[in-house]
Amino acid sequence: MFDIGASELLVIVIVAILVIGPKDMPRALRTAGRWIGKLRRMSNHFRAGIDEVVRQAEIEEMEEKWAARNKEIMAKYPDGAQPEGGGPENLLPNEMEPLSAAGEVPDADAAAEAAIRRAAPVKAPEHSNEPPLPLDPPGSGKDS
């Protein structure tokens, strides 16, 4: 910190012994240590305050950037119907069409079976030679 060399420190110690005296030297060193400790604590407190001010300024700057970006997005897509970036229309999820009500279908069980078959996963071409798996587990009672 002060860049004191060994010879300079030796001169300071000799002058301190001559001026203060060897009898009062421990008390003088304790007092000097307390003052140095207070100075370090004050320095650390000051440095922490400066760091906090810098951090708060950075947070405010980021909030301003986010608010500007949000305003830009809201101006570009006011209704929120389009995805950010304006992706192609074919990537947007299709609207689901309602199925006919149970009262309109002549056979609700047949319609349910057809829906299950449509929802069943399609096998990859390399597995097409395997026999299809039954929809009902063995022993369920439907085959009897």
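Keep in mind that what you see is a predicted model, and the values were worked out from it rather than measured.

Chemist: Is there a simple way to explain the overall build of the protein in this structure?
Modeler: The helix and strand inventory of the protein stands at three helices and zero strands. For the protein, the α and β elements follow one another from N to C terminus as α-α-α. Looking at the 144 residues of the protein, the share that counts as buried comes to 2%. Here the protein displays about 13,600 Å² of accessible surface, and carbon together with sulfur accounts for 62% of that area.

Chemist: Sorry if this is basic, but what is going on with a nonpolar patch on the surface here?
Modeler: On the surface, a nonpolar cluster with roughly 690 Å² of combined accessible area is contributed by Leu-10, Val-11, Ile-14, Val-15, Leu-18, Val-19 and Ile-20. By relative accessible area, which is 70% here, Leu-18 ends up exposed.

Chemist: Could you clarify how one ought to interpret a positive patch on the surface in this entry?
Modeler: Judged by side-chain charge, Arg-30, Arg-34, Lys-38 and Arg-41 come together as a positively charged surface patch. Within the secondary structure, Arg-30 sits in helix α2 (residues 25-76).

Chemist: I would appreciate a short explanation of the UniProt feature "transmembrane region" (unreviewed entry) in the protein in the present structure.
Modeler: Using the residue numbers shown here, the UniProt feature "transmembrane region" (unreviewed entry) corresponds to residues 6-22. Note that residues 6-22 is 88% helix and 0% strand, and that its end C-alpha atoms are spaced 21 Å apart.

Chemist: Mind showing me how you'd approach the pattern of salt bridges here?
Modeler: Once their charged atoms are close, side chains differing in charge can pair, the charge on each being opposite to the other. On inspection of all chains with the given rule, the structure shows four salt bridges. Asp-24 is paired through a salt bridge with Arg-27; the nearest N and O atoms lie 3.1 Å apart. On the basis of relative accessibility, which here comes to 32%, the residue Asp-24 falls in the partly exposed class. Take Arg-27: its relative accessible area is 51%, and that puts it in the exposed class. Between Arg-55 and Glu-52 there is a salt bridge, and its shortest N-O distance comes to 2.9 Å.

Chemist: Could you clarify how one ought to interpret the packing of aromatic side chains in this entry?
Modeler: By convention here, two paired aromatic rings are described through the distance between centres and the angle between planes. Applying the stated rule across the entire model yields zero aromatic pairs. Between Lys-38 and the ring centre of Trp-35, over which it is positioned, the NZ or CZ distance is 5.4 Å.

Chemist: Which parts of the structure should I look at to understand helix α1 (residues 6-20)?
Modeler: One turn of an α-helix holds 3.6 residues; hence residues three or four places apart share an orientation. End to end, α1 covers 21 Å across 15 residues, agreeing with the expected 21 Å (1.5 Å per residue, within 8%). Just past α1, the residue Gly-21 takes up positive phi, approximately 95°.

Calculation criteria
Residues numbered from 1 in each chain as written. Predicted model: local features only at pLDDT ≥ 70, side-chain atom pairs only at ≥ 80, totals over all residues. Heavy atoms only, no water. Helix = DSSP H or I, 4+ residues; strand = E, 2+ residues; numbered from the N terminus. Buried < 20%, exposed > 50% of the residue type's maximum accessible area, 1.4 Å probe, protein only. Areas by Shrake-Rupley, 256 points an atom, 1.4 Å probe, with all protein chains shown as cover. Patch = residues over 30% accessible without salt bridge, like charges linked within 9 Å, V, L, I, M, F, W, Y side chains within 5 Å. Salt bridge = Lys/Arg side-chain N within 4 Å of Asp/Glu carboxyl O. Lys, Arg positive; Asp, Glu negative; His and termini not counted. Charge placed at Lys NZ, Arg CZ, Asp CG, Glu CD. UniProt positions renumbered as here; feature names shortened; annotations may be inferred. Phe/Tyr/Trp six-rings, centres within 6.5 Å; stacked < 30°, edge-to-face > 60°. Lys NZ or Arg CZ within 6 Å of the ring centre and 35° of its normal. Expected span 1.5 Å × (residues − 1).

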